[in-house]
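Take a look at the letters that make up each chain.
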Amino acid sequence: MIKLGANSVLFVGFELETAMQRLAWAGYDGIELSAIQGMCEHLRLDNWKAQASQIRDLAAKYGLGLHAMEVASLEERRLLPAFEAGAEIGIPVINIGPGGKMDVEEDFQRQTDQIQKMAERAAEHGVTLCCKAHVGGSIYNTPTTLRAMAKITSPGFGVDMDPSHIFRAGENPVDALRAVVSRVRHVHIRDCPTQQTSPGRPEEQACGRGRIDLFGYVRVLHEAGLDVAVDLEVIGSRGYDLGRMTTIAAETRGYLNACLKACGAR
């Protein structure tokens, strides 16, 4: 089953309950908690035990699944408490970026070694560490993703497939998804107006506003029979008012739900 959610980073500057309330009103199935240090920490990994019961209670109150947690960092000091928190709270996926620089072989080897090590620790806690290709990173397109998949053998590793980064790498995200779908365990999703480095303004990241074939993307997920969370990840919304953030979330949910219905997934 494909579940629709959104990363709480969209609601940066507002309380977690506000984000959950607005996502529930928009009809989402669940939420991805932002634990990104320096950007948005709705889940504070240095004090997660104090939040655990509140997060579970809020999820129950608003009828939202806890799809994932985005840590972004590959640092052990951040990931180990993330794995503990995920196991305790009931968050099955921990999302990171690859780090390093594109087309620097030493970076690719170092970063994938670290991902392998951390994926093994994730597996010990019963959670999955997912990494996505990221513009400018050591894993940034389909070929580097496939290399990482071949090297990282831990059952605690999965691909977080984000079409916006693949699109900005000059590829067709639908074809790219087909190539890696066997290891996809999470999907970050947003649209893009162009193939430039930036994903665009927050409203331009709403699904259906840009140039990515997101219907084709969802269809590949459905045809693969994946049980996966597809979570909207919109960045850059700090300073937006709550109504504007909620509009982006609601517009995306409506579009993606229509895509799911059109391909027979709902």
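### Brief notes about the overall build of the protein chain
- The number of helices and strands found in the protein chain is nine helices and nine strands.
- The globule rule puts the C-alpha radius of gyration for 266 residues at 18 Å, and the 17 Å found for the protein chain is close to it.
- If you line up the protein chain on its principal axes, its C-alpha atoms span 45 × 40 × 35 Å.
- A fraction of 77% describes how many contacts in the protein chain between residues 6 or more apart in sequence connect residues 24 or more apart.
- Carbon and sulfur atoms make up 49% of the accessible area of the protein chain, which amounts to about 10500 Å² in all.
- Averaging the positions of the 29 positive and the 33 negative side-chain charges in the protein chain gives two centres separated by 2 Å.

### What about the packing of aromatic side chains?
- Applying the stated criterion across every chain, the model contains zero aromatic pairs.
- The ring centre of Phe108 lies 4.1 Å from the NZ or CZ of Arg147, which sits over that ring.

### A word on unusual backbone geometry
- Of note, Ala72 is a non-glycine position whose phi angle comes to about 75 degrees, a positive value.
- By relative accessible area, Ala72 is classed as partly exposed at 31%.
- The backbone phi angle of Asp103 is positive, close to 60 degrees, even though this residue is not glycine.
- Turning to its location among the elements, Asp103 is positioned in the loop between strand 5 (93–96) and helix 4 (105–125).

### As for the environment of Ala24
- Mapped onto the secondary structure, Ala24 falls in helix 1 (residues 16–26).
- When the C-alpha atoms of Ala24 and Gly5 are compared, they prove to be 9.5 Å apart, with 19 residues separating the residues in sequence.
- Look past the residues within four positions of Ala24 in its chain and what remains in contact with it is Tyr62 and Leu64.

### Here's the deal with the environment of Gly13
- If you trace the backbone, Gly13 turns up in the loop between strand 1 (2–7) and helix 1.
- With relative accessibility at 68%, the residue Gly13 sits in the exposed group.
- Separated by 12 residues in sequence, Gly13 and Met1 place their C-alpha atoms 32 Å apart.

### A short note on the nonpolar core
- Met69 and Leu129 are the most contacted members of the largest nonpolar core, which has 85 residues in total.
- With seven residues, the single largest contributor to this core is helix 9 (residues 242–262).
- In this structure, Leu129 is in contact with Leu79, Phe83, Ile94, Ile96, Ile115, Met118, Ala119, Ala122, Gly156, Phe157 and Gly158, ignoring residues within four places of it in sequence.

What counts, and at which threshold
- Residues numbered from 1 in each chain as written.
- Predicted model: local features only at pLDDT ≥ 70, side-chain atom pairs only at ≥ 80, totals over all residues.
- Heavy atoms only, no water.
- Helix = DSSP H or I, 4+ residues; strand = E, 2+ residues; numbered from the N terminus.
- Rg over C-alpha atoms; globule rule 2.2 N^0.38 Å.
- Contact = heavy atoms within 4.5 Å.
- Areas by Shrake-Rupley, 256 points an atom, 1.4 Å probe, with all protein chains shown as cover.
- Lys, Arg positive; Asp, Glu negative; His and termini not counted.
- Charge placed at Lys NZ, Arg CZ, Asp CG, Glu CD.
- Phe/Tyr/Trp six-rings, centres within 6.5 Å; stacked < 30°, edge-to-face > 60°.
- Lys NZ or Arg CZ within 6 Å of the ring centre and 35° of its normal.
- Buried < 20%, exposed > 50% of the residue type's maximum accessible area, 1.4 Å probe, protein only.
- Core = buried A, V, L, I, M, F, W, Y, C linked by side-chain atoms within 4.5 Å.

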